[in-house]
Amino acid sequence: DRAVSLRQLTRRYGTGPGSVTALDGVSLDFHHGTFTAVMGPSGSGKSTLLQCAAGLDRPTSGSVTVAGTELTGLSETRLTLLRRRHIGFVFQTFNLLPSLTAEQNVGLPLRLAGRRPPSALVREVLERVGLGGRRRHRPSELSGGQQQRVALARALITRPQVLFGDEPTGALDSATSREVLVLLRDMVSAEGLTLVMVTHDPVAASYADRVVFLVDGRLTGEVLGASAQDIA
Ligand code: ADP
Ligand code: ADP
């Protein structure tokens with residue numbers, strides 16, 4: 001029932017005396033249908049952990065297993081296929097294509113996989129994030145919260161097992177941020193999505209079932225369940 005397993009994950013940038021150890025032997029499991037927040041000071045390795053877990057970066061040593069497949073031995077091609085099938089990613093800056101409408105942005109992962117996005121499916125996913133009425137709008141015509149909802153719909157259209165978020169609410173005001181967090185939490189409980197979210201914000205982290213802490217590339221602790229709310 002593990003969606004993601006990290007074992008002795010180490011990521012070093014550069015070699016020799018100037019090298020930086022961004023992750024230093026991190027072992028961690030993310031179970032199906034759980035919401036984990038990853039916190040820690042700037043430079044503690046949070047982004048690196050997310051990128052390695054999502055198959056966007058390769059660790060120096062250790063292993064990453066997603067949906068039963070070990071990523072470390074995979075070719076770039078197979079890794080890309082596995083990412084497309086099982087992994088979604090949302091970013092602080094939304095990363096929408098400005099010239100495309102909401103529905104075109106949402107359909108993009110299917111187009112990249114060589115499929116025509118079924119309009120009923122695109123509509124359904126946009127409705128799930130509360131944007132059924134904004135299908136033809138471009139990112140510049142949407143608020144920050146609406147843009148992040150489009151990004152979320154785009155990440156979810158392939159029905160990934162795991163969704164990674166790197167400060168997904170970092171660019172949103174606190175009220176909008178809470179709306180997006182409620183939406184995310186509902187998707188975890190209603191659909192068994194596994195959510196791993198990096199955040200600096202204790203209020204955002206309090207929406208998670210579990211909060212893990214990184215310092216200097218090492219896990220220093222975790223807080224579970226209701227007490228996760230205490231960190232806010
Ligand atoms: P966080 O997300 O917690 O701010 P990062 O994972 O971005 O931490 O970075 C961890 C450490 O690794 C930092 O010291 C950072 O400067 C370094 N680092 C991250 N990415 C690179 C890179 N591409 N090249 C060199 N150093 C990097
Ligand atoms: P975050 O906002 O998550 O802390 P950063 O600003 O640390 O992100 O990093 C943004 C991007 O720059 C990441 O892709 C990271 O790998 C890269 N990066 C971070 N630190 C360095 C560095 N010292 N040298 C090169 N690239 C870096």
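Structural data are supplied above this passage.
Predicted model, so just to flag it, every value in this text is computed and none were measured. (Residues numbered from 1 in each chain as written. Chains lettered and ligands numbered in written order. Predicted model: local features only at pLDDT ≥ 70, side-chain atom pairs only at ≥ 80, totals over all residues. Heavy atoms only, no water.)

Draft legend 1. Spatial organisation of the sheet that holds strand E2 (residues 20–31). Spatially, the four strands line up as an open sheet ordered E2-E1-E4-E5, and their pairing is antiparallel. In the strand order of this sheet, the two ends are held by E2 and strand E5 (69–70), each with one partner. The strands touched by helix H1 (residues 46–53) within the sheet are strand E1 (2–13), E2 and strand E4 (61–66), with E1 carrying the most contacts at an inclination of about 125°. (Pairing = 2+ DSSP bridges. Helix = DSSP H or I, 4+ residues; strand = E, 2+ residues; numbered from the N terminus. Contact = heavy atoms within 4.5 Å. Axes fitted to C-alpha atoms, helices over the stretch in contact; angles between N-to-C directions.)

Draft legend 2. Expanded view of the packing of helix H3 (residues 102–112) against helix H5 (residues 144–156). Put simply, H3 and H5 touch, their axes get as near as 7 Å, and they point 30° apart. With respect to each other, H3 and H5 are oriented roughly parallel. Relative to H5, H3 is oriented so that their crossing is right-handed. Two secondary-structure elements touch here, H3 through Ala102, Asn105, Val106, Leu108 and Pro109 and H5 through Val150, Ala153 and Arg154. (Parallel < 35°, antiparallel > 145°, perpendicular 65-115°, else oblique. Left-handed = near helix turned anticlockwise from the far one by under 90°.)

Draft legend 3. Just the sheet that holds strand E8 (residues 194–198), in detail. Taken together, six strands build an open sheet; the order of strands is E6-E7-E8-E3-E9-E10 and the sheet is mixed. The open sheet has two free edges, formed respectively by strand E6 (87–91) and strand E10 (218–224), since each of these has just one partner strand. Mean inter-strand twist for the sheet, computed between neighbouring axes without regard to direction, equals 20°. With five bridges joining them, strand E7 (residues 162–166) and E8 adopt parallel strand pairing.

Draft legend 4. Looking closely at the site of ligand 1. Lining the immediate environment of ligand 1, one finds Tyr13, Val20, Ala22, Pro41, Ser42, Gly43, Ser44, Gly45, Lys46, Ser47 and Thr48. One of the backbone nitrogen or oxygen atoms of Gly43 is found 2.7 Å away from an oxygen atom of ligand 1. Contacts to ligand 1 include Ser44, whose backbone N or O atom sits 3.1 Å from an oxygen atom. Burial of ligand 1 by the protein chains amounts to 58% of its free accessible area of 560 Å². Those elements that provide at least two residues to the shell around ligand 1 are E2 and H1. Per element, the largest residue contribution to the shell around ligand 1 is three residues, and it comes from H1. (Near = heavy atom within 4 Å. Polar contact = N/O pair within 3.5 Å; in protein donor to acceptor, adjacent residues only side chain to side chain. Areas by Shrake-Rupley, 256 points an atom, 1.4 Å probe, with all protein chains shown as cover.)

Draft legend 5. Fine view of helix H6 (residues 174–191). An ideal rise of 1.5 Å per residue puts 26 Å on 18 residues; H6 measures up with 25 Å between its terminal C-alpha atoms. When we look at burial in H6, the residues that qualify are Thr176, Ser177, Val180, Leu181, Leu183, Leu184, Met187 and Val188. End-on view of H6: buried residues confined to an arc of 155°, all on one side of the axis. Counted as exposed and oriented over 90 degrees from the buried face of H6: Ser174, Ser189 and Ala190. Close packing links the buried residues of H6 with strand E3 (35–39), helix H4 (119–128), H5, E7, E8 and helix H7 (202–205). Sitting at the head of H6, Asp173 places a side-chain oxygen 3.1 Å from the backbone nitrogen of Ala175. Following H6 by one or two positions, Gly192 adopts a phi angle in the positive range, close to 70°. (Expected span 1.5 Å × (residues − 1). Buried < 20%, exposed > 50% of the residue type's maximum accessible area, 1.4 Å probe, protein only. Arc of directions from axis to C-beta.)

Purely spatial values, then, with no claim about function.
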